[in-house]
Amino acid sequence: MNGKQLKNSILQWAIQGKLVPQDPNDEPASVLLDKIRQEKERLIKEKKIKRDKNASIIYRGEDNSYYEKMLATGEVKCIDEEIPFDVPQGWGWERWGNIAQTIQYGYNAPALEHGVIKMVRISDIQENCVLWDNVPYCLIDENDIDTYLLKVNDILFARTGGTVGKSFLVEEVPEKAIYAGYLIRTRYSSLLNPRYMKSFMESQLYWEQLKNGTIATAQPNCNGKTLAKMLLPIPPTKEQDRIVKKLTQLSSFLDNYGLCQDRLNLLNEEIKEQLKKSILQEAIQGKLVPQLAEEGTAQDLLEQIKKEKLNLVKEGKLKKSALATSVIFRGDDNKYYSTICKIVLFTHIYTYSPTFSLERRSNEQSAYLLFFEFFLVYFHDNKSVMITADN
């Protein structure tokens, strides 16, 4: 399991209520969600947000199934097939749109070196940080700034391109800034823990739902409706805090684990390569398999190769120049020497004796008739070679 897989597993435990123990004294999520609905009604009356036509309530019926009631029409439907897993008692399921106060697309304007206000782009967000020194300015009507203004605890997520779905929790805004058009900002109830919400947006459940709602084009993209329809598990407020605390404690461990895993992977690759080289070295040094006397020696093999070359020359398939060769031998001083040799062929010569001797064989029917199978071997430095004749 690599660092990413371990992190995904821990996030999965977190949103399934398996990371920290439940406290029966915690105020249940149903009460929290009711407070959020009341808060939204107040903001609607104050004309700070608009009413969501798709607002709903999710509850569990007496038959233990999950149901969703659409507030605008009163329609009720069973959503058991949408619920991915069971959650502990005291938790609840909710759609992101029901807990969000706004889901707002960013502002479209050219990036400028100087302007009215800074405008955060996707490229300005790296490793969960905004590179504020790189954030450009833009021109925008003063009346529109408030609509796109970034505030602490806002969550931005990319709606298009290679980073589609990637989210960023705004934890500081050192100077007034808005956000660019390829980003969507979601602002939600202050009764929810921002870090829990961000953790959900890193979980496998989030990515699976995002994938199902992503439009597959050359530039993959999703929209605010995809986010609004997402189901997420809501723990009691105090348990959200405990989950976030535990995730924070595990964060440095996960980072170190990931680094160690990367080093291990690199080491495994290096060991694999070194092992391969070592085995090959053992092979060419005669240490990989045992030697068997009945298999003959390398000298025997070399003699066979020489004979094969001689035959090929006789058959006209190989030039005589190919027979020019060298002899490597071990001297009395235990050192290796190489001597360049030249073989001269005659009409009746077709075999070679490895002892550099000339063999003479007699024909039983014609004892006086001798055929030399191999006639002469001489060295390029004109050294003499002993010639023996076996009768």
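Residues numbered from 1 in each chain as written. Predicted model: local features only at pLDDT ≥ 70, side-chain atom pairs only at ≥ 80, totals over all residues. Heavy atoms only, no water.

1. Examining helix H1 (residues 3–15)
For step 1, the next point in the chain: With 13 residues, H1 should cover 18 Å at 1.5 Å per step; its first-to-last C-alpha distance of 19 Å lies within 8% of that length.
For step 2, the next point in the chain: Those residues of H1 not exposed but buried are Gly-3, Leu-6, Ile-10, Leu-11, Ala-14 and Ile-15. For H1, the arc enclosing every buried residue in end-on projection is 165°, short of the 170-degree limit, so these residues lie on one face.
For step 3, the next point in the chain: Against the buried residues of H1 lie helix H5 (194–200), helix H6 (204–213), strand E14 (231–234) and helix H8 (237–284).
For step 4, the next point in the chain: Among the residues trailing H1, Gly-17 stands out with phi positive, at a value near 80°. (Helix = DSSP H or I, 4+ residues; strand = E, 2+ residues; numbered from the N terminus. Expected span 1.5 Å × (residues − 1). Buried < 20%, exposed > 50% of the residue type's maximum accessible area, 1.4 Å probe, protein only. Arc of directions from axis to C-beta. Contact = heavy atoms within 4.5 Å.)

2. Concerning helix H2 (residues 29–45)
For step 1, the next point in the chain: Over its 17 residues, H2 extends 24 Å from the first C-alpha to the last, a length consistent with the 24 Å expected when each residue adds 1.5 Å.
For step 2, the next point in the chain: Turning to H2, its buried residues number three or more, namely Ala-29, Leu-32, Leu-33, Ile-36, Glu-39, Lys-40, Leu-43 and Ile-44. Summarising the axial view, the buried residues of H2 lie within an arc of 140°, below the 170-degree limit, and thus occupy one face.
For step 3, the next point in the chain: At its buried positions, H2 is contacted by strand E4 (92–95), helix H3 (96–99), strand E5 (100–105), E14 and H8.
For step 4, the next point in the chain: Phi turns positive one or two residues past the end of H2, at Lys-47, with a value near 60°.

3. Examining the pattern of salt bridges
For step 1, the next point in the chain: A full pass over the atoms with the stated rule returns 16 salt bridges.
For step 2, the next point in the chain: The salt bridge partner of Glu-175 is Lys-118, with a shortest N-O separation of 3.5 Å. Residue Glu-175 is located in the loop between strand E11 (167–169) and strand E12 (177–179), and its partner Lys-118 is located in strand E6 (residues 117–120); the two are separated by 57 residues in the primary sequence.
For step 3, the next point in the chain: On the basis of relative accessibility, which here comes to 33%, the residue Glu-175 falls in the partly exposed class.
For step 4, the next point in the chain: Relative accessible area serves as the criterion here: at 7%, Lys-118 is assigned to the buried category.
For step 5, the next point in the chain: A salt bridge links Lys-198 to Glu-202; its shortest N-O distance comes to 2.5 Å. (Salt bridge = Lys/Arg side-chain N within 4 Å of Asp/Glu carboxyl O.)

4. Considerations on the side chain of Glu-94
For step 1, the next point in the chain: Turning to its location among the elements, Glu-94 is positioned in strand E4.
For step 2, the next point in the chain: Assessed through its relative accessible area of 2%, Glu-94 is described here as buried.
For step 3, the next point in the chain: A distance of 2.7 Å separates a polar atom in the side chain of Glu-94 from a polar atom in the side chain of Asn-98.
For step 4, the next point in the chain: What Glu-94 contacts, discounting residues up to four positions off in sequence, is Leu-33, Arg-37, Ser-56, Ile-58, Ile-99, Met-230, Leu-231, Leu-232 and Ile-234. (Polar contact = N/O pair within 3.5 Å; in protein donor to acceptor, adjacent residues only side chain to side chain.)

5. A word on the sheet that holds E5
Note: strands within a sheet are paired through backbone hydrogen bonds, in either parallel or antiparallel orientation.
For step 1, the next point in the chain: Across the sheet, 4 strands lie side by side as E5-E13-E10-E11; this open sheet has antiparallel pairing. Strands at the two margins of the open sheet, each flanked by one partner only, are E5 and E11. This sheet shows a mean twist of 20° between the axes of neighbouring strands, independent of strand direction.
For step 2, the next point in the chain: Relative to strand E13 (residues 183–188), strand E10 (residues 155–158) runs antiparallel, the two being bridged by 4 bridges. Bridge pairing in E13 places Leu-156 opposite Arg-185. (Pairing = 2+ DSSP bridges. Axes fitted to C-alpha atoms, helices over the stretch in contact; angles between N-to-C directions.)

6. Description of the sheet that holds E12
For step 1, the next point in the chain: On the basis of which strands lie adjacent, the open sheet formed by 3 strands has the order E9-E6-E12 and mixed pairing. On the outer flanks of this sheet lie strand E9 (137–138) and E12, each paired with one strand and no other.
For step 2, the next point in the chain: Pairing of E6 with E12 involves 3 bridges; the strand directions are parallel. If you follow Met-119 over to E12, its bridge partner there is Ile-178.

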